[in-house]
Amino acid sequence: GLIVGYSARRFGPERFVDFAGAWQTAWRFNTAMAFVAVMTLPDPPIGILAVAVGMAIPMANVFAVTALSRGSGSIVSTLKRVAGNPFLIASVSGVAVGLSGLQIPDVIMAPLEMLAQAAIPVALISVGATMNWGALARLNAFSAILCVTKLVVMPAVTFMACLAFGAPTALAGTLVLFAALPTASAAHVLAAGFGADRELSATSVAQSTLLSALTLPLWITAITLAF
């Protein structure tokens, strides 16, 4: 997603940080949408999806923060912002706790589980807030490349890789579904934090979300037929 999405550079804004703010939408993903869409698969592989999300969030955010900070500061500043990114810290910490086998005390887990139950509905409300149909009218060569990269190229490559390597059904379905998700609904917030053009990235988010209403069902159908 990062490599193919960069092909949109010549069609994008002159400032690199503005480009990076939209570029991140070519590989970042909507986690809330993932846990809703996975329920459409036979015997929903929620556990596998949780692992995929936990492993992918650090990589996606390292890429995004590195691109954005590189466009607005020095290499040292880039490293500091990457290391201090809250999404990265939270996801790495969660993976570390999971791998360690440590049991978090119930007094801590109880409020966290309550927050987790509210997280997906709240996130879906934010997805609805990005459903600006007017954004499709602003679809151009730049945003089209980013959307096609996220909604078509990434799941297509994943689909072919799963077939080539003979991935187990549950794993293959999860990975293809994961790759086919629209971009992260909060991508414009991260872009604004680095001084990038927030409207440009917000438009990319809206376009990706709206177009996924067409592409995601097609990929879910392909998953059920192929795996």
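Residues numbered from 1 in each chain as written. Predicted model: local features only at pLDDT ≥ 70, side-chain atom pairs only at ≥ 80, totals over all residues. Heavy atoms only, no water.

## Quick word on the pattern of salt bridges
Stated formally: Any carboxyl oxygen of Asp or Glu that lies within 4 Å of a side-chain nitrogen of Lys or Arg is treated as forming a salt bridge with it. Exposed residues in this analysis have more than 50% of their type's maximum accessible area, buried residues have under 20%, and partly exposed residues fall in between, with area computed by a 1.4 Å probe over protein chains only.
Taken as a whole, this structure holds one salt bridge when the rule is applied. The residue Arg15 makes a salt bridge to Asp18 at a minimum N-O spacing of 2.7 Å. By relative accessible area, which is 45% here, Arg15 ends up partly exposed.

## Section: the nonpolar core
General note: in soluble globular proteins, nonpolar side chains tend to be found buried as a group. Put simply, the rule reads: The term nonpolar core refers to a set of buried residues drawn from Ala, Val, Leu, Ile, Met, Phe, Trp, Tyr and Cys, joined through side-chain atoms within 4.5 Å. Secondary structure elements are taken from DSSP: a helix is a run of H or I of four residues or more, a strand is a run of E of two residues or more, and numbering for both begins at the N terminus. Residue contacts are counted whenever heavy atoms from the two residues lie within 4.5 Å of one another.
Counting residues in hydrophobic clusters, the biggest one holds 43 residues, and the most contacted among them are Phe29, Leu68, Leu177, Phe178 and Leu216. Elements with a minimum of two residues in this core: helix H2 (16-23), helix H3 (31-37), helix H4 (46-70), helix H8 (141-165), helix H9 (169-179), helix H10 (187-193) and helix H11 (198-226). Counting residues per element, this core draws most heavily on H4, at nine residues. Sequence-distant contacts of Leu68, defined by excluding residues within four places in its chain, comprise Val17, Ala20, Gly21, Gln24, Leu190, Ala191, Phe194 and Ala196.

## Quick notes on the packing of aromatic side chains
Rules: In summary, the pairing rule links any two rings of Phe, Tyr or Trp, Trp by its six-membered ring, whose centres are within 6.5 Å, and it sorts them by plane angle into stacked for under 30 degrees, edge-to-face for over 60 and tilted for everything else. Consider the ring centre and the ring normal. A charge sits over the ring if Lys NZ or Arg CZ is within 6 Å of that centre and within 35 degrees of that normal.
Under the counting rule described, the total for this entry stands at eleven aromatic pairs. Here a set of aromatic residues connected by ring pairs shows up, and it is made of Tyr6, Phe16, Phe19, Trp23, Trp27, Phe63 and Phe142. The aromatic ring of Phe19 is capped on one face by Arg9, whose charged end is 4.9 Å from the ring centroid.

## Focus on the side chain of Thr203
Within the secondary structure, Thr203 is located in helix H11. Setting aside residues no more than four positions away along its own chain, Thr203 makes contact with Ala135 and Arg138.

## Some details on the environment of Val65
With respect to the helices and strands, the residue Val65 is situated in helix H4. For the pair Val65 and Ala20, spaced 45 residues apart in the sequence, the C-alpha separation amounts to 9.1 Å. Apart from the residues within four sequence positions on either side, Val65 is in contact with Arg70, Arg81, Val82, Asn85, Leu190 and Phe194.

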